[in-house]
Amino acid sequence: MANKLYPGDSRTRSSVSIFIVAGLCCFFYLLGAWQRSGFGKGDSIALEMTKTGSACNVLPNLNFETHHAGESGMIDESKSNVKVFKPCDARYTDYTPCQDQNRAMKFPRENMNYRERHCPPEEEKLHCLIPAPKGYVTPFPWPKSRDYVPYANAPYKSLTVEKAIQNWIQYEGNVFRFPGGGTQFPQGADKYIDQLASVIPIENGTVRTALDTGCGVASWGAYLWKRNVITMSFAPRDSHEAQVQFALERGVPAVIGVLGTIKMPYPSSAFDMAHCSRCLIPWFANDGMYMKEVDRVLRPGGYWVLSGPPINWKTNYKAWQRPKEDLEEEQRKIEETAKLLCWDKVSEKAEIAVWQKRVDADACRAEQENSGDAFCKDADPDDVWYKKMEACVTPSSSSKSNEELKTFPERLYAVPPRISSGSVPGVTPDSYREDNKIWKKHVSAYKRINKIIDSGRYRNIMDMNAGLGGFAAALHSPKFWVMNVVPTIADRSTLGVIFERGLIGIYHDWCEGFSTYPRTYDLIHANGLFSLYKDKCDFEDILLEMDRILRPEGSVIIRDEVDVLTKVTKIVSGIRWDFRLVDHEDGPLVPEKILIAVKKYWVVGDNNSTSTQ
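Within any chain, residue numbers begin from 1 and follow the written order of that chain's sequence. Note on the predicted model: pLDDT of at least 70 is required for a residue's local features to be given, and 80 or more for side-chain atom pairs to be given and counted; whole-chain, interface and lining totals, by contrast, use all residues. For the side-chain quantities, the full set of heavy atoms in the structure was used; hydrogens and water were omitted.

Caption draft 1: Molecular detail of the overall build of the protein chain. Counting its secondary structure elements, the protein chain contains 20 helices and 17 strands. Accessibility throughout is a Shrake-Rupley quantity obtained with a 1.4 Å probe, and a residue counts as covered only by protein chains that appear here. Accessible surface, the protein chain: about 25300 Å² in total, of which carbon and sulfur atoms supply 51%. Strands are runs of DSSP state E lasting at least two residues, helices are runs of H or I lasting at least four, and both sets are numbered from the N terminus onward.

Have a look at this one:
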C-alpha cells in the first residue's frame, strides 16, 4: 500500500509521527495499568508491574495509522454503526453453552450421553457478555493458587461437605483451601505420586504428558506440575459442582469432559501416562470400550494407572460395601482387556495397579489379530471430533512414527516423530525448524509490547489456532501453561506433533462454545483464526466466546490479515475491551497486523473497571 506524500508536508508528517509515537508510548504504559486485575483487591504482582512500567521501550515501527491510508488501510474507530453488547442476566455467571444443565437433561443417560457436549442451536445462542460474580478478584499467583482459591470466584460449598473426610477442599473465611488430598490419597497427592514414581519414570523427563480421567479438583495434576509433568484433567459438569472450575482457578489445565459415547478430543499416541483414581468410570463395561479409547490416546511405552475399586478387592470389598463377586468379575474383565491391548501389568500394591503399553507394535499386532477382537476401521485414528466411540482396538501406527521420544525438555524442540516420518503433509524437519524461528521472533515482540507476560501475572494461556505449537514452545516457562487448540477445520491435523513436543492441547471447532467455565484463561492468543473461520461462522460468536472464557483484565493477542482485523475491530468496539491495532514486528508494509486488547474489569451490576477505583 503506497504512501501518498505531497510537496511541503514532510515537516508535518514528521510532527505527526512524533505525536503518534508519543501516543503509543503512553498506550503501552497504560497497558501495564490495565493488567492490575483487581487493583486494590490484593493483586500485588500487577500493582508492582504498574509501578515499574514507566520505562516505555515500544517498537518504533508500531505506528499503524501513519503508514496506511484509504478504505483498506484505515481502521474506523468511531462508534457509529457499532453494535454494543449488553451484559447477560446474572444467572449466566457460570454459563457453559455446550454443557448447559437444562439442555443436558433432555438427552439419554445411557453411557453418560447427557453429560457430553450438546451445543445450543443458532437461535438459542447468547449474544451478550457473561458477567463476573460480585466480589470477583484475580486468582492468587502460582504456586499459591494451587492451594488457595478466592471464595467469590467460585462460591460453591457442596464439595466441602461431600468430600470433607477425603481432604479435597476446605472453606476457610474468604478462600477455599486445597490440602492436596483425594479419595485414594488422603495423605496427600505428593505421597501418592511418590508411590507411582517408584514404578513409573516420572522424574527423568520420560513421562511428560498425562491424562487424568474423572479428575475431581485436579490435585493429581496440580502436584505433578513441580515434577515437570503437565496433565490434561477432565471431569463432567455434574452434581459435584465446579470441579473443573476449581481446577482452572487453581491454575491447573482442565476441561469439562466425560468418557461417554464420543471419542476423546485428543490424537492417538498422545499421552505418556493416563490415570484414574476412583474416577467412577466403568472400565469393565461395553466390552472394555473405555479402556480401548484410553489405549488409542496412550503412546507405546506409556503407562495406565488405576487406583481404587476393584483393585485389591479381596482386602477391601467390605470397606467398599460391594459384593466381592461383582468386584472380582470387574477386575477379571479389566485384566482380560488389558491383555488384549498388549498392556503388561508392572505393579499392583495395595489399591494401585499400573500397566505399561508395549512398544513392540508388530509383535503386539500379531497377538491382537489372533485374539479375534475387532479392529477399528477408521483410517485416521486422529479424526475424533464428534465421532462415536466403539469397542474396537486402534491399530498400532508404523514403527517409525512410534520411535522413542526424547526426554523432556529436549523433546520441546527436537524434530517430532510424526514430522520425521512424513506423517504430517507439507511439514518437513526444515519447515518445522523455520516455524520455531518465526515463533521465537513473534513471542519476543509480544514480550516487548506486554512486559508482564513473564511476570507470573498470566497462568492459564490459550492458543486458539496452535499449528505446530511454536507459540507455546517459545513461551515455555514453569510459571504458566498453554492450552494448544487445533481447530477441526484446520488444513492439517497437528495436535499429535504438539503432544510429541511435550505440550498439551485439544481439538475444537470455534463455531461452538469451548468446554470450560467462564473466566478461566488469563491470556488468549489467536493467530490467523479469523481468516480460517471467515466463511464458516460469525466472527461475533467467536469473539463473544473469547470474552466468556477470558478473565476480567485478561489480555488478548490476535494476529491476522489487516482486512480481517478491520472486521474484527468493529465487533470488538462493542465489547468491553480496551484495544489497539499495531504493525507486524517486521514493519508497516507487512499486511499482517496485531490486535492487542485487555478485557475491562466489571461484575454483575457494576460497569466500572478496577483501574478507576
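Caption draft 2: Representation of the sheet that holds strand β3 (residues 175–177) within the structure. DSSP-based pairing: two strands are paired if at least 2 bridges between them are found. The three strands are arranged β1-β3-β2 in an open sheet whose pairing can be described as antiparallel. Each edge of the open sheet is held by one strand with a lone partner, namely β1 (148–150) and β2 (170–172). Within the sheet, the average angular offset between the axes of one strand and its neighbour, ignoring direction, is 30°. Sheet analysis places β1 next to β3, joined by three bridges and oriented antiparallel. The axes used here are C-alpha line fits, helices contributing only the stretch in contact, and every angle between their N-to-C directions lies in the interval 0 to 180 degrees.

Caption draft 3: Region of the structure containing the packing of helix α11 (residues 313–320) against helix α12 (residues 324–340). Interaxial distance between α11 and α12 falls to 9 Å at its minimum, and their mutual angle equals 130°. Considered as vectors, α11 and α12 are oriented oblique to each other. Between α11 and α12 the crossing geometry is right-handed. Listed contacts from α12 to Trp313, Tyr317 and Trp320 of α11 are Lys324, Leu327, Glu328 and Gln331. Charged means Asp, Glu, Lys or Arg here, nonpolar means Ala, Val, Leu, Ile, Met, Phe, Trp, Tyr, Cys or Pro, and polar covers whatever is left, Gly included. Looking at the contact of α11 with α12 residue by residue, the classes come out as four nonpolar, one polar and two charged. Here the angle decides the label: under 35 degrees means roughly parallel, over 145 means roughly antiparallel, 65 to 115 means roughly perpendicular, and every other value means oblique. Note on convention: the crossing is left-handed when the near helix lies turned anticlockwise from the far helix by less than a right angle, right-handed when the turn is clockwise. Any two residues whose heavy atoms approach within 4.5 Å at even a single point are treated as in contact.

Caption draft 4: Highlighting the environment of Tyr601. Position of Tyr601 among the secondary structure elements: in the segment after β17 (592–599). Considering only alpha carbons, one finds Tyr601 and Pro552, 49 residues apart in sequence, at a separation of 4.7 Å. Between N or O atoms, a polar contact is any pair within 3.5 Å; within protein, one atom must be a potential hydrogen donor and the other a potential acceptor, and residues adjacent in sequence are included only when both atoms are from side chains. A polar contact of 2.6 Å, which involves the side chain of Tyr601, links it to the backbone oxygen of Tyr136.

Caption draft 5: Expanded view of the sheet that holds strand β12 (residues 481–487). Pairing within the open sheet is mixed, and its seven strands lie in the order β13-β12-β11-β14-β15-β17-β16. Strands at the two margins of the open sheet, each flanked by one partner only, are β13 (504–508) and β16 (577–583). When strand polarity is set aside, the average angle formed by the axes of neighbouring strands in this sheet is 20°. Strand direction decides the pairing type here: β12 and β13, joined by five bridges, are parallel. Residue pairing across strands places Asn484 opposite Gly505, the latter belonging to β13. Across the face of the sheet, helix α19 (residues 539–549) comes into contact with β11 (460–463), β14 (521–527), β15 (550–561), β16 and β17 while running at roughly 145° to β15.

Caption draft 6: The arrangement of helix α9 (residues 243–250) in detail. Among the eight residues that make up α9, eight are buried, leaving the element largely enclosed by the rest of the structure. Buried within α9 we find Gln243, Val244, Gln245, Phe246, Ala247, Leu248, Glu249 and Arg250. Where α9 terminates, the next one or two residues include Gly251, which has phi positive at roughly 95°. Only protein chains enter the accessibility calculation, which uses a 1.4 Å probe. A residue is then buried if its area is under 20% of the maximum for its type, exposed if over 50%, and partly exposed in between.

Caption draft 7: Inspection of helix α10 (residues 289–297) at higher detail. Burial analysis of α10 places nine of its nine residues in the buried class, the great majority of the element. Of the surrounding secondary structure, the elements contacted by the buried residues of α10 are β4 (209–213), β7 (271–277), β8 (298–307), α12, β9 (343–349) and β10 (352–357).

Caption draft 8: Structural view of the pairing of β11. In β11, alternate side chains face the same way, and those of Asn460 and Met462 on one face and Ile461 and Asp463 on the other are all buried. Two elements, β11 and β12, share four bridges in a ladder whose sense is parallel. Bridge pairing links Asn460 to Trp481 in β12. With its strands directed away from the observer, a crossover is right-handed exactly when the path from the first strand over the helix to the second travels clockwise. Crossover connection from β11 via helix α16 (residues 470–475) to parallel β12: handedness right-handed. Bridge count between β11 and β14: three bridges; the pairing is parallel. Note that in β14 the partner of Ile461 across the bridge is Leu523.

Caption draft 9: Broad picture of the nonpolar core. Remark: nonpolar core denotes a set of buried residues (Ala, Val, Leu, Ile, Met, Phe, Trp, Tyr, Cys) joined through side-chain atoms within 4.5 Å. Core analysis: the biggest nonpolar cluster contains 136 residues, and Tyr266, Trp283 and Trp304 have the highest contact counts within it. Looking at which element gives the most residues to this core, the answer is α19, with six residues. What Trp304 contacts, discounting residues up to four positions off in sequence, is Ala274, His275, Trp283, Met291, Val294, Leu298, Ile334, Trp343, Ala353, Val354 and Trp355. Counting 11 residues, the second-largest nonpolar core is a separate cluster that includes Val149, Ala154, Ile169 and Phe178.

Caption draft 10: Highlighting unusual backbone geometry. Omega for the bond connecting Trp142 with Pro143 falls within 30 degrees of zero, at 10°, which places this linkage in the cis form. Structurally, Pro143 is set in the loop between α4 (101–104) and α5 (144–147). The backbone of Ala350 sits at a positive phi, close to 55°, despite the residue not being glycine. Residue placement: Ala350 occurs in the loop between β9 and β10. Note on Ala350: relative accessible area 54%, which makes it exposed.

Caption draft 11: Structural view of the environment of Gly456. Of note, Gly456 is situated in the loop between α15 (429–449) and β11. When its relative accessible area of 18% is taken as the criterion, Gly456 is described as buried.

Caption draft 12: Region of the structure containing the pattern of salt bridges. Any Lys or Arg side-chain nitrogen located within 4 Å of an Asp or Glu carboxyl oxygen qualifies as a salt bridge. One pass over the full model with this rule turns up 38 salt bridges. Its salt-bridge partner being Asp454, residue Lys447 comes within 3.1 Å of it at the nearest N-O pair. Asp454 sits in the partly exposed class, given a relative accessible area of 33%. A salt bridge links Glu545 to Arg548; the shortest N-O distance between them is 2.8 Å. One end of the pair, Glu545, and the other, Arg548, are both in helix α19, three residues apart, so they sit about a helical turn from each other. Comparing Glu545 with Arg548 shows no difference in burial state: the two are buried.

Caption draft 13: Structural context of the side chain of Thr569. For Thr569, the location among the structural elements is in helix α20 (residues 562–572). At 2.8 Å, the side chain of Thr569 and the backbone oxygen of Thr566 are in polar contact.

Caption draft 14: Layout of the packing of aromatic side chains. Within 6.5 Å between ring centres, the rings of Phe, Tyr and Trp (the latter by its six-membered ring) count as paired, and their orientation is classed by plane angle as stacked under 30 degrees, edge-to-face over 60, tilted in between. Following the criterion strictly, the structure yields 19 aromatic pairs and no others. Aromatic side chains Trp304 and Trp343 sit 5.3 Å apart centroid to centroid with 50° between the ring planes, which places their arrangement in the tilted category. In this pair, Trp304 is assigned in strand β8 and Trp343 in strand β9, connecting sequence segments 39 residues apart. Assigned by exposure class, Trp304 and Trp343 land together as buried. Charge over a ring is defined by NZ of Lys or CZ of Arg lying within 6 Å of the ring centre and within 35 degrees of the ring normal. Lys440 extends its terminal NZ or CZ atom over the ring of Tyr413, reaching a point 4.4 Å from the ring centre. Across the ring face of Trp602, the terminal group of Arg576 is positioned such that the distance to the ring centre comes to 4.4 Å.

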